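What follows is each chain in one-letter form.
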Number of protein chains: 4
Amino acid sequence: MTSTWAFLGPSGTFCEMALQQVAPDNARLEPCQDVATALDRVRERVADSAVVPIENSVEGGVNATLDNLVASAPLVIAAEVAVPVTFVLAGRPGTSLDRVRAISTHPHAWAQCRGWVHLNLPEASYVAGTSTSAPARALAESDDPLSFEAVLCNPLAAQRYGLEVLAGGVADNPDAVTRFVQVTRPGRVGEPTGADKTTLMVQAPHDRAGALLDMLEQFSARGVNLSRIESRPVGDSLGRYRFSIDVEGHIREERVQAAFIGLHRTCPMVRFLGSYPRLDARPVVVPAGTSDKDFIVARAWVADILAGRTI
Amino acid sequence: MTSTWAFLGPSGTFCEMALQQVAPDNARLEPCQDVATALDRVRERVADSAVVPIENSVEGGVNATLDNLVASAPLVIAAEVAVPVTFVLAGRPGTSLDRVRAISTHPHAWAQCRGWVHLNLPEASYVAGTSTSAPARALAESDDPLSFEAVLCNPLAAQRYGLEVLAGGVADNPDAVTRFVQVTRPGRVGEPTGADKTTLMVQAPHDRAGALLDMLEQFSARGVNLSRIESRPVGDSLGRYRFSIDVEGHIREERVQAAFIGLHRTCPMVRFLGSYPRLDARPVVVPAGTSDKDFIVARAWVADILAGRTI
Amino acid sequence: MTSTWAFLGPSGTFCEMALQQVAPDNARLEPCQDVATALDRVRERVADSAVVPIENSVEGGVNATLDNLVASAPLVIAAEVAVPVTFVLAGRPGTSLDRVRAISTHPHAWAQCRGWVHLNLPEASYVAGTSTSAPARALAESDDPLSFEAVLCNPLAAQRYGLEVLAGGVADNPDAVTRFVQVTRPGRVGEPTGADKTTLMVQAPHDRAGALLDMLEQFSARGVNLSRIESRPVGDSLGRYRFSIDVEGHIREERVQAAFIGLHRTCPMVRFLGSYPRLDARPVVVPAGTSDKDFIVARAWVADILAGRTI
Amino acid sequence: MTSTWAFLGPSGTFCEMALQQVAPDNARLEPCQDVATALDRVRERVADSAVVPIENSVEGGVNATLDNLVASAPLVIAAEVAVPVTFVLAGRPGTSLDRVRAISTHPHAWAQCRGWVHLNLPEASYVAGTSTSAPARALAESDDPLSFEAVLCNPLAAQRYGLEVLAGGVADNPDAVTRFVQVTRPGRVGEPTGADKTTLMVQAPHDRAGALLDMLEQFSARGVNLSRIESRPVGDSLGRYRFSIDVEGHIREERVQAAFIGLHRTCPMVRFLGSYPRLDARPVVVPAGTSDKDFIVARAWVADILAGRTI
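Quick caveat, the model's predicted, so the values are computed rather than measured.

1. Topic: the overall build of chain A
What chain A contains, in helices and strands, is ten helices and 15 strands. When the backbone C-alpha atoms are referred to their principal axes, chain A occupies close to 85 × 50 × 35 Å. Burial analysis of chain A (311 residues in total) assigns 53% to the buried set. Within chain A, residue pairs in contact and separated by at least 24 positions form 75% of the contacts whose partners lie at least 6 positions apart.

Okay, structure coming up:
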């Protein structure tokens, strides 16, 4: 049976490159105009999965994704994928570099090529685009005069739209990478692999100093290590934050559950956003005293105390 | 049926005064020569309960009790009693104050009357006794010449041994109080009263800095407040400690259990020593987010996550 | 003498509205195409001050500003200004609402009006712009056919470019506000007002668990309260973060200095970004034991100990 | 010039054995009847130093010493000495083991030989003594009948008083050791050796939960490690404690001073009780970021910020 996958379109984005790593070959692809739309497709059961960007090593968290994941009906992350961020400068066939006066691309992409452009095309101005591939498509297909002569897109888009590559390997930071996630509707949580990651959003109590500290101690008291933390405004006024967090470990592990229970008890909002295998497959180190067995043995000991069996 | 109560004897000690507050009228009393003996009587099933001192507001914890409670077969505290520490100076009938050259009493009692003696009988020397009532008895019953002419004991002992009170209300600190505990063999733990205290002994991990801090965070992360902490040497070398701790709350409360589970997971030794009503009957304040209901709701929420029911 | 003020242009942006609140009337204004350019104008001594957005109550921190402030030669914040984020939908004179098929504005503005558009112009598509006023200017001045018929801009821009307001008070969140900062070159730090804020960027040590917790304790150990924390990627790889932080207090206060000293000792990077009066002029509450006098007295006490004068 | 050394007498105590390790050969010795007297001799300038016990590996802190050090005019610890706690059972010449029905010694000594006595002289009862050597002296010199036939004392006392050793190497715990300290009047604090210890007494704020945790963070925030912590009652009521603490490091080190400043600011009472070389001469490990240089560089950096020199 064919599954339907929504993604941040149009065709030829980095996001589609990410999707190709996790979707089956016969997947039906549905490019969406923005992250919110892609995620809503899953909520509406039109799509089975959505692939959207969540974090960029240079620009940081992708706010649209972080915020939308908790904004409406529950979704969970099922997998993660990383795509190196390297661009080509492409134009209509026959374009020469010295005729490029304006370049279009997504603002995130622009931010990661500004240095290269400054060095190689110091006179070029910037035209904001809604994705990295939309301007490429416009350049290939539009009959209208456009306000730019070249685009910064990925090789896939250049090829798909028949553009000519004017320069390859464009990236101010050759190590830049964007992390994408596959998002689904929640279901019974699967088994841990031993190299897992759990994502959540939590709002710290805001009415007193040290609230963030207390919140972080809910993790450290159970030996749960954070691998990512991003602050996001709650949105109703300045000065109130929630935090998008990745922790090392799986919600089926006792120590992760204990941290979640602690957060649920003490924070105004916690949302589970999925436990899934880590991209790097590096096994999670479980600190002494925080293995499942440690929890089970300790609970049995308390039960013995209560029953007066032995202490 | 008559129960047997061991206590720190001999007859007429402050400890017997404490016992009278918790033992039934028809209890069979068994004075013991030291705390260890009294507690062993319970372990050996010769006595049903033991009453022993555990803390003095001036001298601090009673080490013999603190250490013995964890030294051998399990015992638990079932109740606590406080007795004001006020002495009488007593001698054989006919003794006058100006003939008192030496005074005997237990070293703890001496420590709490030194100031009074220094002021009123500056020449008097001290003869150590094994309890506050043993010297009183010796004075009353011995035919031998003794190295002291007066004793500092409680009114009960003076009366029981027919001594004459030379001075009453002797106490450097009129607010001084000794806390005693009733100790029994462990059984099924009873229900909380809402104004309870739990006693435990825990050894902090010793192999790294900050271990005590981490141990204390096991309590604070669950909103469990400490009302007493006493360090005791582990005994095998200098520099290793365990801590005798009273917390506000009952082991049947989720938050207390969560703290115990955390300690069991991370500390080399934890011993439960009883949950029992607080002397002052002051209800325990349960911090926001740490009620039993908070724990139950949070655990149910995690179960829902795992089952994919809702998040 | 006339001072020169750079700001995020073009003419008519919210940023210019913010600038008007802090710049002298005779200031020479220099609109810049992006935040980096405005800040560089100050570094290059072409401008005396720059006014740039730093935080939006809905979208969060303005990454370009947060990152640029620490990317190059030192700058400090001298003042802050807040501007309510309310838009008008504007078109060329004569445009009617039902003819609007596409709308252009800055992506941040779009994010804050999406709900309104969805409700009122459900068919309208979005064209990304580089600011809130650039599309307004284009609409007013361009002779070319454009891909949009209306813009979402602030009232100032609509007026300045002679556009017709098709709808006013457009804002999904009527409480939304953007905070702007006046940035200058560093100089001798002025005196506290008692209602101050200090901004800094700090990179937490990344090589071990609990590093963020330890970093936050450098503040809490001195009673310094955080009013804002934003994570930013360090940029060299996924998983390494630095934090843009506002604390309540002034760098001339001992407790704030003590926190800075603690951070400098233990973190790979700390950058002071200015102490300046709080927007709300609410006096900072200095916790017990953390006043300047407390520090001075405590240091004098340690000096006495060292000298053997008294302890 | 001859110095005068007070110590916990009488002649022949373990304390005198400790004194011999630190006092010059020509020191004038003054045995005192209790710890308070020995320390007061120094306060009164009758003695230059006092040597008193402070901690026993089995029995814990010596309360009389811990409390007296902060009870009156300031004193500081200048050195520490450890003496192994091994006893001999001694009697009048001609005494045979099977005639020993009662044994006298100091209660601390008794506590450390109880197991041996139980095993070897199960019928023997205990007579409390005021020191380990006083009963030895009584046995040797008294013409009166005594209530005991043997004493547990150290080899020095047995030899000095001409008693016959009935059994040697008596000690339930062969590793038991008592730590003694040399106490002097405060003067200018000397230079660190790199392997130092600092002793202090501090009262935690008692009016709120977590106060002990906060107090300990004053140390951990500066990388100062605790090697000993003993709770002592403040003495005015149950439930209020102060803590006798040894930290690794010297008060001339910046990190130790920073911790002291933090305590002085936030705790109702802190008393410095001396910085002196560690018994084991093991160099103190200074955690990264807490060396004197780290503090000096960080303070200079803050000064530069204030002056606007550079940041």
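2. Section: the sheet that holds strand 15 (residues 269-277) of chain B
All names here are of chain B. Reading across from one edge, 13-14-12-15 is the order of the four strands in this open sheet, with antiparallel pairing throughout. Two strands bound the open sheet, and with one partner strand each, they are strand 13 (226-233) and strand 15. When the angles between neighbouring strand axes are averaged without regard to direction, this sheet yields 15°. Pairing of strand 13 with strand 14 (residues 241-248), which is carried by seven bridges, proceeds in the antiparallel orientation. Looking across to strand 14, one finds that Pro233 is bridged to Tyr241.

3. A look at the interface of chain D and chain C
On the side of chain C, 33 residues touch chain D, which itself brings 33 residues to the contact. Among the secondary structure elements, those contributing two or more residues to the side of chain D that touches chain C are helix 8 (211-220), helix 9 (254-266), strand 15 (269-277) and helix 10 (292-307) of chain D. In terms of residue count, helix 10 of chain D provides more of the side of chain D that touches chain C than any other element does, nine residues in total. Of the residues belonging to the side of chain D that touches chain C, the class tally is 16 nonpolar, ten polar and seven charged.

4. Concerning the environment of Ile261 of chain A
Looking at the element boundaries, Ile261 of chain A is found in helix 9 (residues 254-266). Here Ile261 of chain A falls in the buried class, since 24 other C-beta atoms lie within 10 Å of it. Taking the C-alpha atoms as reference, Ile261 of chain A lies 8.9 Å from Gln218 of chain A; in sequence the two are 43 residues apart. Residue contacts for Ile261 of chain A: discarding those within four places in its chain leaves Phe295, Ala298, Arg299 and Val302 of chain B.

5. Regarding the UniProt feature "site: Essential for prephenate dehydratase activity" (unreviewed entry) in chain A
All names here are of chain A. In the numbering used here, UniProt assigns the "site: Essential for prephenate dehydratase activity" (unreviewed entry) feature to Thr178. With respect to the helices and strands, the residue Thr178 is situated in strand 11 (residues 177-184). Those residues within four positions of Thr178 in sequence are excluded, and the remaining contacts are Phe14, Pro53, Asn56, Val83 and Val85.

6. A look at the relation of the copies chain B and chain A
Placing chain B over chain A gives an RMSD of 0.0 Å and needs a rotation angle of 180°, together with 0.0 Å of translation along the axis. What the rotation and shift describe, once combined, is the action of a two-fold rotation axis. Minimal C-alpha separation from the rotation axis in chain B is found for Ala221 of chain B, amounting to 3.6 Å. With an isologous cut-off of 70% or more, the 100% of interface residues of chain B that recur at the interface of chain A puts this contact in the isologous class.

7. Let's talk about the interface of chain B and chain A
Contacts between the two partners involve 33 residues from chain B, matched on the other side by 33 residues from chain A. Breaking the side of chain B that touches chain A down by element, the ones donating at least two residues are helix 8 (211-220), helix 9 (254-266), strand 15 and helix 10 (292-307) of chain B. Of all the elements, helix 10 of chain B adds the most residues to the side of chain B that touches chain A, at nine residues. Across the side of chain B that touches chain A, the residue classes break down as 16 nonpolar, ten polar and seven charged.

8. Focus: unusual backbone geometry
Residues and elements named next belong to chain A. In this model, Gly9 is joined to Pro10 through a cis peptide bond whose omega is 5°. Along the polypeptide, Pro10 turns up in the loop between strand 1 (4-8) and helix 1 (14-22). Within the chain, Ala281 stands out as a residue other than glycine whose phi angle is a positive 55°. Looking at where Ala281 falls in the secondary structure, it is placed in the loop between strand 15 (269-277) and helix 10 (292-307).

9. Some details on the domain arrangement of chain A
Residues and elements named next belong to chain A. Assigned domains within chain A: domain 1 (1-82 + 178-187), domain 2 (87-170) and domain 3 (188-311). Contacts between domain 1 and domain 2 engage twelve residues on the former and 14 residues on the latter. For the side of domain 1 that touches domain 2, the element with the highest residue contribution is helix 1, accounting for three residues. Partitioning the side of domain 1 that touches domain 2 into residue classes produces five nonpolar, five polar and two charged.

10. Side note on the relation of the copies chain D and chain C
Rotating chain D by 180° about the axis while translating it 0.0 Å along that axis superimposes it on chain C, leaving an RMSD of 0.0 Å. The overlap is high: 100% of the interface residues of chain D also sit at the interface in chain C, so the same surface is used on both sides.

11. Focus on the sheet that holds strand 12 (residues 196-203) of chain A
Pairing between the strands of a sheet comes from backbone hydrogen bonds, and it takes one of two forms, parallel or antiparallel. All names here are of chain A. One open sheet accounts for four strands, arranged 13-14-12-15; its pairing is antiparallel. Sheet topology places strand 13 (226-233) and strand 15 at the edges, where each strand pairs with a single neighbour. Recorded for the sheet is a direction-independent mean angle of 15° between the axes of neighbouring strands.

12. Some details on the UniProt feature "domain: Prephenate dehydratase" (unreviewed entry) in chain A
This chain's UniProt record puts "domain: Prephenate dehydratase" (unreviewed entry) on residues 4-185 of chain A. Each end of residues 4-185 of chain A is marked by a C-alpha atom, and these two atoms are 13 Å apart; helix forms 28% of the span and strand 34%.

13. Section: the arrangement of the chains
At no point do chain B and chain C touch; the closest pair of C-alpha atoms across them sits 12 Å apart. Across all C-alpha pairs, the smallest distance from chain A to chain D is 12 Å, and the two are not in contact.

14. Some details on the nonpolar core
Within the largest apolar cluster, 124 residues are counted, with the highest numbers of intra-cluster contacts made by Phe7, Ala50, Val52 and Val202 of chain B together with Phe7, Ala50 and Val52 of chain D. When neighbours within four sequence positions are excluded, Ala50 of chain D is seen to be in contact with Ala6, Phe7, Ala38, Leu39, Arg41, Val42 and Val183 of chain D. Cys32, Val224 and Ala259 of chain A together with Phe295 of chain B belong to the second-largest nonpolar core, a separate cluster that totals 123 residues.

15. Describing the packing of helix 8 (residues 211-220) of chain C against helix 9 (residues 254-266) of chain C
All names here are of chain C. With their axes 8 Å apart at the nearest point, helix 8 and helix 9 run at an angle of 155° to one another. Put simply, helix 8 runs roughly antiparallel to helix 9. Judged by the sense of rotation from one axis to the other, the crossing of helix 8 with helix 9 is right-handed. In contact with Asp214, Met215, Gln218 and Phe219 of helix 8, helix 9 contributes Ala259, Gly262, Leu263 and Thr266. Grouping the amino acids of the contact of helix 8 with helix 9 by side-chain chemistry returns four nonpolar, three polar and one charged.

Rules behind the numbers
- Residues numbered from 1 in each chain as written.
- Chains lettered and ligands numbered in written order.
- Predicted model: local features only at pLDDT ≥ 70, side-chain atom pairs only at ≥ 80, totals over all residues.
- Helix = DSSP H or I, 4+ residues; strand = E, 2+ residues; numbered from the N terminus.
- Buried ≥ 20, exposed ≤ 12 C-beta atoms within 10 Å, placed from the backbone.
- Contact = placed C-beta atoms within 7 Å.
- Pairing = 2+ DSSP bridges.
- Axes fitted to C-alpha atoms, helices over the stretch in contact; angles between N-to-C directions.
- Nonpolar A, V, L, I, M, F, W, Y, C, P; charged D, E, K, R; others polar.
- UniProt positions renumbered as here; feature names shortened; annotations may be inferred.
- Least-squares fit on C-alpha atoms with pLDDT ≥ 70 in both.
- Domains from an automatic or database assignment.
- Core = buried A, V, L, I, M, F, W, Y, C linked by C-beta atoms within 7 Å.
- Parallel < 35°, antiparallel > 145°, perpendicular 65-115°, else oblique.
- Left-handed = near helix turned anticlockwise from the far one by under 90°.

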